[in-house]
Amino acid sequence: MVLRPILQFPDKRLKEKSQPIVEIDDELRALAQDVLDVMYDEPGIGLAAPQLGESVRLVVVDTDWTDEDAEKNPTVAVNPEIVAREGKITWTEGCLSVPDFTADVERAEKITLRYTDLESVAHEVEAEGLRAVCFQHEIDHLDGILFIDHISRLKRNLYVQKRKKALRREAEETDEHVTSAPGTKL
Ligand code: ZN
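Every value quoted in this text rests on a predicted model; they were computed, and no experiment measured them.

1. What to know about the overall build of the chain
So, step 1. A count of helical and extended segments in the chain gives three helices and eight strands.
So, step 2. Relative to the 2.2 N^0.38 estimate, which gives 16 Å for 186 residues, the radius of gyration of the chain is 16 Å and therefore close to what a compact globule would have.
So, step 3. Along the longest, intermediate and shortest principal axes, the C-alpha atoms of the chain span 50 × 40 × 35 Å.
So, step 4. Here the chain holds 186 residues, and 44% of them are scored as buried.
So, step 5. Counting contacts in the chain only where the partners sit at least 6 residues apart, residues at least 24 apart contribute 66% of the total.
So, step 6. Of the accessible surface of the chain, which amounts to about 10300 Å², a share of 47% is contributed by carbon and sulfur atoms.
So, step 7. Charge-centre separation for the chain: the mean point of 24 positive side chains lies 10 Å from the mean point of 38 negative side chains.

2. Details of the coordination of the zinc ion
When a metal carries six donors in an octahedron, the ideal angles between them are 90 or 180 degrees, while four donors in a tetrahedron ideally lie at 109.5 degrees.
So, step 1. Distances from the zinc ion to its protein donors, Cys95 (SG), His137 (NE2) and His141 (NE2), fall at 2.1 to 2.3 Å.
So, step 2. Spacing between the donor residues of the zinc ion along their common chain follows C-x41-H-x3-H. Here the residue cysteine 95 occupies a position in strand β4 (residues 89–95), and histidine 141 occupies one in helix α2 (residues 130–142), the gap between them amounting to 46 residues.
So, step 3. Residue class for cysteine 95 comes out buried when judged on its relative accessible area of 2%.

3. Quick word on the nonpolar core
So, step 1. Formed by 20 residues in total, the largest nonpolar core has its most connected members in Leu28, Val35, Leu47, Leu58, Val60 and Val76.
So, step 2. The element that contributes the greatest number of residues to this core is helix α1 (residues 26–41), accounting for eight residues.
So, step 3. Once residues lying within four places of it in the same chain are set aside, the contact partners of leucine 28 are Ile21, Glu23, Leu58, Val78 and Leu118.
So, step 4. By size, the runner-up hydrophobic cluster in this structure holds 19 residues, among which are Ile45, Val59, Val133 and Cys134.

4. Topic: the layout of surface pockets
So, step 1. In this structure, the second largest pocket spans a volume of roughly 230 Å³.
So, step 2. Partitioning the lining of the second largest pocket into residue classes produces six nonpolar, no polar and five charged.

5. Side note on the pairing of strand β5 (residues 98–107)
So, step 1. For β5, the buried fraction is high: seven of the ten residues fall into the buried class.
So, step 2. Pairing of β4 with β5 involves six bridges; the strand directions are antiparallel. Within β5, the residue paired with threonine 90 across the bridge is glutamate 106.
So, step 3. Between the end of β4 and the start of β5, which pair antiparallel, lie two residues.

6. Describing unusual backbone geometry
So, step 1. Of note, the bond from phenylalanine 9 into proline 10 is cis; its omega dihedral lies within 30 degrees of zero at 10°.
So, step 2. Summarising the element assignment, proline 10 is placed in the segment before α1.
So, step 3. Glutamate 42 connects to proline 43 through a cis peptide bond whose omega is -5°.
So, step 4. With respect to the helices, strands and loops of the structure, proline 43 is situated in the loop between α1 and β1 (46–48).
So, step 5. A positive phi is found at asparagine 79, a non-glycine position, where the angle reads about 50°.
So, step 6. The topology assignment puts asparagine 79 in strand β3 (residues 75–86).
So, step 7. A positive phi angle is found at aspartate 100, which is not glycine, with a value near 60°.
So, step 8. Structurally, the position occupied by aspartate 100 is in strand β5.

About the thresholds
- Along each chain, the written sequence defines residue order, and numbers are assigned to residues from 1.
- For this predicted model, a pLDDT threshold of at least 70 governs which residues receive local features, and a threshold of 80 or more governs which side-chain atom pairs are given and counted, while totals over whole chains, interfaces and linings are taken from all residues.
- The side-chain numbers reported here are obtained from all heavy atoms of the structure, hydrogens and water having been left aside.
- Secondary structure elements follow DSSP: runs of H or I of four or more residues count as helices, runs of E of two or more count as strands, with numbering from the N terminus.
- The atom set for the radius of gyration is the C-alpha atoms, and the globule formula is 2.2 Å times the number of residues raised to the power 0.38.
- Categorising residues by exposure relies on relative accessible area from a 1.4 Å probe, with only protein chains included: less than 20% of the type maximum marks a residue as buried, more than 50% marks it as exposed, and the intermediate range marks it as partly exposed.
- The contact criterion used is simple: two residues touch if any of their non-hydrogen atoms lie within 4.5 Å.
- Here the accessible surface of atoms and residues is derived via Shrake-Rupley with a 1.4 Å probe, and residues count as covered only by protein chains that are part of the display.
- In this tally, Asp and Glu contribute negative charge and Lys and Arg positive charge; neither His nor the terminal groups of the chain are included.
- A charge is said to be at NZ when it belongs to Lys, at CZ for Arg, at CG for Asp and at CD for Glu.
- Any N, O or S atom lying within 2.8 Å of the metal counts as a donor, with the limit raised to 3.2 Å for Na, K and Ca; because water is left out of the atom set, some sites can appear incomplete.
- Definition used in this section: a nonpolar core is a set of buried Ala, Val, Leu, Ile, Met, Phe, Trp, Tyr and Cys residues joined via side-chain atoms within 4.5 Å.
- Put plainly, a pocket is an open set of points on a 1 Å grid over the protein atoms alone with protein on both sides within 12 Å along at least five of seven lines, a cavity is a set where a 1.4 Å probe fits but cannot get out, and a lining residue has an atom within 4 Å of a point.
- Grid points are joined across faces, edges and corners, and a volume is the space filled by probe spheres set on the points.
- Ten residues, namely Ala, Val, Leu, Ile, Met, Phe, Trp, Tyr, Cys and Pro, are considered nonpolar, four, namely Asp, Glu, Lys and Arg, are considered charged, and the remaining ones, Gly among them, are considered polar.
- Should DSSP find at least two bridges between two strands, the strands are regarded as paired.

Next up, the structure:
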């Protein structure tokens, strides 16, 4: 299995607004499988197609898969849309496209989500807590928004500087490994 690389900040493609999906076909199912493979390999609990450089409205989420022994229970959501939001929750978020950084982000505590699955069946479901946070984070990716766009400009700038420095250092010492920050990778 060859895993596709995850785009990382500050890759400009992460800022693009993704296109709606018009046809659910084998090509799309293959892409969904690629996104799932990368998510479980990392591991993460959510991943959006644009993070693999595919600018289409598809996200995958599996908030039940808490460790490698847990049963996989993925939701593949085509053209996901949040139609209702309720309450507030603050979660310490991370992102597979934003290396070595976590921050508290405030989001809706409960959401109503509409999406189509890979068999072209339409769903309307409610999600709350971590699952609601995860869908909001992934759907943001479809609109070119990263979790660091939700934090203060000061904190964001500090991260951007740190990231630039790390990239320069990586370029200089390519064999040095950088360890990830703890937190939920979405
Ligand atoms: Zn993310």
